[in-house]
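An overview of the molecular structure
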Amino acid sequence: LHIGYVTNGVHFPTWIATSLRRLYARYFGDGFEGHTYNIPAWQKVHNIPDEELWNERMYLKNRLIKHIRRRFSDPAQVRLDSPRQMIQIIEGIKPDVLTIGFARRFATYKRAYLLFTNLDRLSAIVNNKERPVQFIFAGKAHPNDKPGQDLIKRIVEVAAMPQFVGKILFLQNYDMELARRMVQGVDVWLNTPTRPLEASGTSGEKCVMNGVMQFSVLDGWWVEGYKEGAGWMLPMERTFADQHYQDELDAEMIYNTIEEQIAPLYYQREQDGIPHAWVSSVKRCVADIASNFTTNRMLIDYEDRFYNKLAARKQAITEGGYKLAREIAAWKRKVSAAWDQVRVVDVQRVKIDKEAVFVGETYRFEVKLDIANLRPEDIGVEMVIAKQIVGGQSVNVTRTVGLERSKAEGSLVTYTLDYTPSETGTYDVALRVFPQNEHLPHRMDFALVKWA
Ligand SMILES: *Cc1c(COP(=O)(O)O)cnc(C)c1O
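Okay, so let's go over this structure. (Residues numbered from 1 in each chain as written. Predicted model: local features only at pLDDT ≥ 70, side-chain atom pairs only at ≥ 80, totals over all residues. Heavy atoms only, no water.)

Describing the packing of helix 3 (residues 50–73) against helix 4 (residues 83–92)
The criterion, for reference: For helices, the fitted line uses only the C-alpha atoms of the stretch in contact; every axis is such a line through C-alpha atoms, and the angle between N-to-C directions lies from 0 to 180 degrees. Put simply, DSSP marks the helices as runs of H or I at least four residues long and the strands as runs of E at least two long, and each gets a number from the N terminus on. Small angles under 35 degrees read as roughly parallel and large ones over 145 as roughly antiparallel, with 65 to 115 read as roughly perpendicular and the rest as oblique. It only takes one pair of heavy atoms within 4.5 Å for two residues to be counted as in contact. Any residue that is not Ala, Val, Leu, Ile, Met, Phe, Trp, Tyr, Cys, Pro, Asp, Glu, Lys or Arg is counted as polar, Gly included; the first ten are nonpolar and the last four charged.
Following both chains from N to C, one finds helix 3 and helix 4 inclined at 175°, their axes separated by 9 Å at the closest point. Classified by the angle their axes make, helix 3 and helix 4 are roughly antiparallel. Together, Arg69, Phe72 and Ser73 of helix 3 and Met86, Ile89 and Ile90 of helix 4 make up the contact between the two elements. Taken together, the residues that form the contact of helix 3 with helix 4 break down as four nonpolar, one polar and one charged.

Details of the packing of aromatic side chains
For clarity, the cut-off: Each pair of aromatic rings taken from Phe, Tyr and Trp, with Trp reduced to its six-membered ring, is defined by centres within 6.5 Å and is described as stacked if the planes are under 30 degrees apart, edge-to-face if over 60, and tilted in the remaining cases. For every residue, the accessible area (1.4 Å probe, protein chains only) is compared with the maximum for its type, and the residue is labelled buried under 20%, exposed over 50%, or partly exposed between those bounds. Cation placement over rings: the criterion is NZ of Lys or CZ of Arg within 6 Å of the ring centroid and within 35° of the ring normal.
Under the defined criterion, the tally for this structure stands at 18 aromatic pairs. Consider the rings of Trp221 and Phe293, whose centres lie 4.7 Å apart with planes at 75°: the pair is edge-to-face. Note that Trp221 is positioned in the loop between strand 7 (213–217) and helix 9 (222–225) and Phe293 in the loop between helix 11 (276–289) and helix 12 (295–338), a separation of 72 residues in sequence. There is no split in this pair, since Trp221 and Phe293 are both buried. Summarising the aromatic geometry, the rings of Tyr302 and Tyr307 are spaced 5.4 Å apart at their centres and angled 20° between planes, so their arrangement reads as stacked. In this structure an aromatic cluster arises from ring pairing among Trp54, Trp232, Tyr266, Tyr267 and Trp278. Residue placement shows Arg180 over the ring face of Trp15; its charged tip is 5.6 Å from the ring centre.

What about the side chain of His67?
Residue position: His67 is located in helix 3. Excluding residues within four positions of it along the chain, His67 makes contact with Leu178 and Arg181.

Things to note about the sheet that holds strand 11 (residues 379–387)
Quick note on the threshold: Two strands are said to pair when DSSP picks up at least two bridges between them.
One open sheet holds the four strands; their spatial order is 12-11-15-16, and the pairing between them is antiparallel. Edge positions in the sheet fall to strand 12 (397–402) and strand 16 (450–451), since each has one partner strand and no second.

Concerning the sheet that holds strand 6 (residues 188–191)
Read across the sheet, six strands follow the order 5-4-3-6-7-8 without closing on themselves; strand pairing throughout is parallel. The two strands at the open ends of the sheet, each matched to only one other strand, are strand 5 (168–171) and strand 8 (232–234). Recorded for the sheet is a direction-independent mean angle of 20° between the axes of neighbouring strands. Pairing between strand 3 (residues 98–103) and strand 4 (residues 133–138): six bridges, direction parallel. Bridge pairing in strand 4 places Ile100 opposite Phe135. Lying over the sheet, helix 10 (residues 243–267) contacts strand 3, strand 4, strand 6, strand 7 and strand 8, oriented at roughly 170° with respect to strand 8.

Considerations on the site of the ligand
Selection criterion: Whether a residue is near a molecule or strand depends on its heavy atoms: it is near if one of them lies within 4 Å of it. N or O atoms closer than or at 3.5 Å make up a polar contact, with two conditions inside protein: a donor-capable atom paired with an acceptor-capable one, and, for residues adjacent in sequence, both atoms drawn from side chains. Throughout, the Shrake-Rupley method with a 1.4 Å probe supplies accessible areas, and for residues the shown protein chains are the sole cover considered.
Taken together, Trp15, Arg104, Lys110, Tyr174, Asp175, Met176, Ala179, Gly201, Thr202, Ser203 and Lys206 form the complete shell of residues around the ligand. One nitrogen or oxygen atom from the side chain of Tyr174 is found 3.5 Å from a nitrogen atom belonging to the ligand. Look at the ligand: alone it shows 390 Å² of surface, and the protein chains cover 81% of it. Within the residue set of the shell around the ligand, elements represented by two or more residues are helix 7 (176–185) and helix 8 (202–209). For the shell around the ligand, the leading source of residues is helix 8, giving three residues. Looking at side-chain class alone, the shell around the ligand contains four nonpolar, three polar and four charged residues.

Topic: a nonpolar patch on the surface
What counts is decided by this rule: Residues enter patches when they are more than 30% accessible in relative terms and free of salt bridges; like-charged ones are connected within 9 Å and nonpolar ones (Val, Leu, Ile, Met, Phe, Trp, Tyr) within 5 Å. For this analysis, a salt bridge means a side-chain nitrogen from Lys or Arg found within 4 Å of a carboxyl oxygen belonging to Asp or Glu.
Residues Leu1, Ile3 and Met444 make up a contiguous nonpolar surface patch of roughly 400 Å² in combined accessible area. Summarising the element assignment, Met444 is placed in the loop between strand 15 (427–435) and strand 16.

Overview of helix 4
Listed as buried for helix 4 are Gln85, Met86, Ile89, Ile90 and Gly92. Residues of helix 4 that are buried in the fold lie against helix 3, strand 4 and strand 5.

Looking at the environment of Leu23
By secondary structure assignment, the location of Leu23 is in helix 2 (residues 18–28). With 135 residues separating them in the primary sequence, Leu23 and Val158 have C-alpha atoms 39 Å apart. Those residues within four positions of Leu23 in sequence are excluded, and the remaining contacts are Ile48, Glu52, Leu53 and Glu56.

Below you can see the structure in the form of structure tokens.
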């Protein structure tokens, strides 16, 4: 199919923290002004001293924590069980603890529940004495999405359990303002969609430009974004067809990754108190990932892949009072009218099903057509090679090779190919005839075919 795609991106000025933007502008310099974010310029994040970048990250996290404490201090903004719970939350949430964020629509395919599959393991992670972890959740479910609302209810329940108070938080009233604070302030962004249902997961793109590392299923944008050493992933392939088993496996892998990889990297401090290995991953995340997921890059892709081509095509087809458009339409009418009279007169080919075919040897294929009143150049003939077709499975075409026009006598035209197979294997081969015109942008735009 000629349908292509553009990976989306997020609007840098909207989602970047102002202070971080200033820091980037100071070090990235040329190529990082106005609304053009020259991708190579992002590599200069490596010139920022670790301490400066780390302090900036900690400043943003502190701002988020302060905001959360303010929210939980105001009974008008949150529903709590008791004043005691309020104090436990305000004192429990800490800026020096590894903070993992999860905020999005609570559509069930996003599996917000996954983290709560094994509460004992989760408790061990958040209550770890040397390497504690805290989780901040936010999000809304659609008014008609009861299962989505039940997920939120479950998170609020878990967050109120004694072992989780002040360590797992659910923030109400998720909106762009809260989203901005979260994608700028947490250390790690978690996304756990059911494969392959995630269209993109743009909140992760907002995070990486702020130096927040992403931990996600390889689905949506992360399939393209993930780079080893600059974030974490759960593999793309499903291990189990049964979703229940898959959930259980993914949950175990999430716990293991947090305990064995994320927390150790975050808490590995050098003598100056800075986690240099972590900061180095943050830099790679900004330089090699974030740079590719801005709206700016997205628009350039739209231009290069589609809009500019379309503009040129429009220009060509409308010029001179739609001259080309009229020619194509007339040609299509002529070919459609003649197509039933086009006949395959003779086919010469190796009896592939009877004889062995050898790699490196040359075999001749010949198709003789009666092209009725069409011109020889109106017709193309090609050989289609597919992996051996097994009943019920989709056809896997590996190559198509065009035949050359070799002889014309009146309306009888011969097309020839001398073909030398270069790979071993079991293949199915067929010859087909199609209308051909250099002004058709895609073969599918005029879908007539005859199999020889
Ligand atoms: C970015 C954003 C989203 C979309 O996030 P996904 O990760 O794509 O699900 C939803 N809501 C708000 C408020 C956002 O800022």
